[in-house]
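# Architecture and fold: a report
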Amino acid sequence: MVRPNIELLGFVRVQLKAQETKKVAFTVQPSQLAYLNDDMKWVIDQGDYQFSIGHSAGAIKLSGAATIRKTRYFEERDRVLFAQAAVTALTAK
């Protein structure tokens, strides 16, 4: 199965005023990384996964990685499609 090089797991639009700072946190569920394999089962393969945050795929501001230690299968009903996002105001001047 050919997988895309990059996938959108979640997004949130954040409005900022001048000098304002906000923290944005995403919670990614393992099932979001799953894909349909040749047997038509949702699976996430063991290995390293890269995560990036930015305005767009061409404007990445932050990157990180996570390791899945063992291959895991999911039922379709248990899959999460988009990451939950939480926005918290930090400063306002």
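Residues numbered from 1 in each chain as written. Predicted model: local features only at pLDDT ≥ 70, side-chain atom pairs only at ≥ 80, totals over all residues. Heavy atoms only, no water.

### Some remarks on the layout of surface pockets
Put simply, the largest pocket is a space of about 1,200 Å³. Taken together, 34 residues form the lining of the largest pocket, with Leu 8, Gly 10, Ser 52, Ile 53 and Gly 54 sitting closest to its centre. The set of elements that each furnish at least two residues to the lining of the largest pocket consists of strand 1 (21-27), strand 4 (47-54) and strand 5 (60-68). It is strand 4 that provides the largest number of residues to the lining of the largest pocket, a total of seven residues. Within the lining of the largest pocket, the residues separate by chemical class into 19 nonpolar, 10 polar and five charged. (1 Å grid on protein atoms, 1.4 Å probe; cavity = no way out; pocket = protein on both sides within 12 Å on 5 of 7 lines; lining within 4 Å. Points joined across faces, edges and corners; volume = space filled by probe spheres on them. Helix = DSSP H or I, 4+ residues; strand = E, 2+ residues; numbered from the N terminus. Nonpolar A, V, L, I, M, F, W, Y, C, P; charged D, E, K, R; others polar.)

### A look at the environment of Glu 20
Its place among the elements puts Glu 20 in the segment before strand 1. Measuring from C-alpha to C-alpha, the distance between Glu 20 and Ala 85 comes to 19 Å, with 65 residues separating the pair along the chain. Dropping the residues within four chain positions of it, Glu 20 is found in contact with Gln 15 and Thr 91. Reaching out from Glu 20, the side chain makes a polar contact with the backbone nitrogen of Lys 17 at a distance of 2.7 Å. (Contact = heavy atoms within 4.5 Å. Polar contact = N/O pair within 3.5 Å; in protein donor to acceptor, adjacent residues only side chain to side chain.)

### Some details on the sheet that holds strand 3 (residues 42-44)
Hydrogen bonds between backbone groups are what pair the strands of a sheet, and the pairing can be parallel or antiparallel. The strand order 2-3-6 describes an open sheet built from three strands, whose pairing is antiparallel. Both edges of this open sheet fall to strand 2 (35-36) and strand 6 (72-74), since each of them pairs with a single strand only. (Pairing = 2+ DSSP bridges.)

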